[in-house]
Amino acid sequence: MSTNKKAIVTGGSRGIGRAIVKELVSRSGVLFSDVAFIYNRSDESAEELKREVQSPQTKILSIKSDAASFEQAESTVNKVVEELGGVDILINNAGITRDNLLLRMTEKDFDDVINTNLKSVFNYTKAVIKHMIKQRYGRIVNITSVVGLIGNPGQSNYAASKAGVIGFTKSMARELASRNITVNAVAPGYIETDMTNKLSDDQKKKLAEMIPLGRLGKPEDVAKVVGFLCSPEADYITGQVIAIDGGMTM
Ligand SMILES: NC(=O)c1ccc[n+]([C@@H]2O[C@H](COP(=O)([O-])OP(=O)(O)OC[C@H]3O[C@@H](n4cnc5c(N)ncnc54)[C@H](OP(=O)(O)O)[C@@H]3O)[C@@H](O)[C@H]2O)c1
């Protein structure tokens, strides 16, 4: 029987989630967890990641499932618990943008973003905590955004979803602390992934000028902090929101 921790990462096929999967499988070259990662559409990236991280000592599950669906989240968590033998770590990372000024934003743009970015966090957290409470151990990290802290024109749906994630994180941290389950959030600034690829080089250059550390972030910059929050070094940290933004929102 493996002594690795058992982790679930939603939205693990690409971008930040993909870097988190790699970090959780092996932290500084030391095997850390078996990982089930969830994705919605990108079969090819998921297959490629699975091939990349699989080893004889690690179990990797790649599951296609819509994180916005309550029923699918519940059945996915049950499948993971059955196949990995439990769940110790949950990373709520799945997210989308549907940007527009409010005058032009449709009801669907609003609902899709809230359901994928916020309701998914409820869905997965609710499905894992019964297992974590029973074993009196759990580490939950939610990926919010600096936009949830400071807002952004054209992203009212996204900002509302990410501010919601912060409120949910703090309430869960208080609700679950006595069961040795910590719940924290990280708030990335601008990170180079498909989500920010729509920005032109000129926009990226202007953004970098606003960031004290002078560059956009990399998925690994976020993944390392998430790995830390799941490690024994962070056992006494709960209810926190850590900005990973090169100093942009200080
Ligand atoms: N990039 C940034 O600058 C930035 C900044 C702050 C916060 N964030 C947050 O960080 C998280 C990851 O962002 P990213 O930049 O890595 O985005 P990304 O490159 O677009 O990747 C998003 C991931 O989420 C998955 N996903 C989307 N909808 C899903 C659903 N309904 N069910 C399951 N999986 C779903 C995608 O899988 P499929 O393609 O298969 O659907 C993909 O694996 C998001 O929560 C985002 O809001 C990003």
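Residues numbered from 1 in each chain as written. Predicted model: local features only at pLDDT ≥ 70, side-chain atom pairs only at ≥ 80, totals over all residues.

(A) Region of the structure containing the site of the ligand. The local shell around the ligand holds 31 residues, among which Gly-11, Gly-15, Asn-40, Gly-95 and Thr-193 are the closest. Mapped by element, the contributors of at least two residues to the shell around the ligand are α1 (15-25), β4 (33-39) and α4 (107-135). Classifying every residue of the shell around the ligand by side-chain character gives 12 nonpolar, 15 polar and 4 charged. (Near = placed C-beta within 6 Å. Helix = DSSP H or I, 4+ residues; strand = E, 2+ residues; numbered from the N terminus. Nonpolar A, V, L, I, M, F, W, Y, C, P; charged D, E, K, R; others polar.)

(B) Structural view of the confidence of the model for the protein chain. When the pLDDT values of the protein chain are averaged, the result is 96; 99% of them are 70 or greater. Confidence, read as mean pLDDT per element, is least for strand β3 (residues 30-31) in the protein chain (82) and greatest for helix α6 (residues 156-176) (99). (pLDDT = per-residue confidence, 0-100.)

(C) Inspection of the packing of α1 against helix α8 (residues 219-229) at higher detail. Where α1 meets α8, the axes come as close as 8 Å, and the angle between the chain directions of the two elements is 45 degrees. By the angle between their axes, α1 is oblique relative to α8. Seen along the crossing, α1 lies across α8 with a hand that is right-handed. Of the residues in α8, those in contact with Gly-15, Ile-16, Arg-18, Ala-19, Ile-20, Lys-22, Glu-23 and Leu-24 of α1 are Pro-219, Glu-220, Val-222, Ala-223, Lys-224, Val-226 and Gly-227. Partitioned by chemical class, the residues of the contact of α1 with α8 number 8 nonpolar, 2 polar and 5 charged. (Axes fitted to C-alpha atoms, helices over the stretch in contact; angles between N-to-C directions. Parallel < 35°, antiparallel > 145°, perpendicular 65-115°, else oblique. Left-handed = near helix turned anticlockwise from the far one by under 90°. Contact = placed C-beta atoms within 7 Å.)

(D) Examining the pairing of strand β8 (residues 181-188) more closely. With 8 of its 8 residues buried, β8 lies for the most part within the structure. Here β8 shows two buried faces, one formed by Ile-181, Val-183, Ala-185 and Ala-187 and the other by Thr-182, Asn-184, Val-186 and Pro-188. Here strand β7 (residues 138-143) runs beside β8; their pairing, made up of 6 bridges, is parallel. Following the sheet pairing, Asn-142 is matched in β8 by Ala-185. Here β8 runs beside strand β9 (residues 241-244); their pairing, made up of 4 bridges, is parallel. By the bridge assignment for β9, Ala-187 is matched with Ala-243. (Buried ≥ 20, exposed ≤ 12 C-beta atoms within 10 Å, placed from the backbone. Pairing = 2+ DSSP bridges.)

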